[in-house]
Amino acid sequence: MLECHTQLKGIYGYPRVRVWLKKTFDLNVNHKRVYRLMKELGIRARIRRRKPYFGHREAGITSTISLIVES
């Protein structure tokens, strides 16, 4: 688990560490055990910030805003 944490810069939480252990070492480990061991070792996943999504503006809304601003 420490190898996974250092190799992947600490972005994996316990569910993904469990999948990584299965793929790498063919270990079937319960998610609760992985969580407990990570807690004992002091390993925590780094929470990444989400990028803001502004979306597409609707034609009707932008035209009414421009009318309000012109008035």
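See the structure above.
Anyway, here's the lowdown on the structure attached to this text. These numbers come from a predicted model, not from an experiment. (Residues numbered from 1 in each chain as written. Predicted model: local features only at pLDDT ≥ 70, side-chain atom pairs only at ≥ 80, totals over all residues. Heavy atoms only, no water.)

## What about the overall build of the chain?
Inference 1: Looking only at helices and strands, one finds four helices and zero strands in the chain.
Inference 2: What you see in the chain, going N to C, is helices and strands ordered as α-α-α-α.
Inference 3: Long-range contacts, defined here as pairs at least 24 residues apart, represent 49% of the contacts in the chain between residues at least 6 apart. (Helix = DSSP H or I, 4+ residues; strand = E, 2+ residues; numbered from the N terminus. Contact = heavy atoms within 4.5 Å.)

## Describing the packing of helix α2 (residues 14–25) against helix α3 (residues 31–41)
Inference 1: Here α2 crosses α3 at 110 degrees, and the two axes come no closer than 9 Å. Taken together, the axes of α2 and α3 are roughly perpendicular relative to one another. Handedness of the crossing formed by α2 with α3: right-handed. In this structure, α2 contributes Y14, V17, R18 and L21 to the contact, and α3 contributes H31, V34, Y35 and M38.
Inference 2: Here the contact of α2 with α3 is composed, by residue class, of six nonpolar, one polar and one charged. (Axes fitted to C-alpha atoms, helices over the stretch in contact; angles between N-to-C directions. Parallel < 35°, antiparallel > 145°, perpendicular 65-115°, else oblique. Left-handed = near helix turned anticlockwise from the far one by under 90°. Nonpolar A, V, L, I, M, F, W, Y, C, P; charged D, E, K, R; others polar.)

## Structural notes on the packing of aromatic side chains
Inference 1: Applying the stated criterion across every chain yields a total of two aromatic pairs.
Inference 2: Centre to centre, the rings of Y14 and Y35 are 5.2 Å apart; their planes meet at 70 degrees, and the pair counts as edge-to-face. Taken together, the positions of Y14 in helix α2 and Y35 in helix α3 put the pair 21 residues apart, joining distant regions of the chain.
Inference 3: Between the aromatic rings of W20 and F25, the centroid separation amounts to 5.7 Å while the plane-to-plane angle is 80 degrees, which identifies the pairing as edge-to-face.
Inference 4: Classification of W20 by relative accessible area gives buried; the value is 12%.
Inference 5: Overall, F25 belongs to the partly exposed group, its relative accessible area being 45%. (Phe/Tyr/Trp six-rings, centres within 6.5 Å; stacked < 30°, edge-to-face > 60°. Buried < 20%, exposed > 50% of the residue type's maximum accessible area, 1.4 Å probe, protein only.)

## Some details on the pattern of salt bridges
Inference 1: In the structure shown here, the tally under the stated rule is two salt bridges.
Inference 2: A salt bridge links D26 to K22, with the nearest nitrogen and oxygen atoms 3.1 Å apart.
Inference 3: Across the salt bridge formed by R36 and E40, the nearest N and O atoms sit 3.6 Å from each other. Of the two residues, R36 and E40 both sit in helix α3, four residues apart, roughly one turn of that helix.
Inference 4: A relative accessible area of 40% places R36 in the partly exposed class. (Salt bridge = Lys/Arg side-chain N within 4 Å of Asp/Glu carboxyl O.)

Just distances and angles here, no functional claims.
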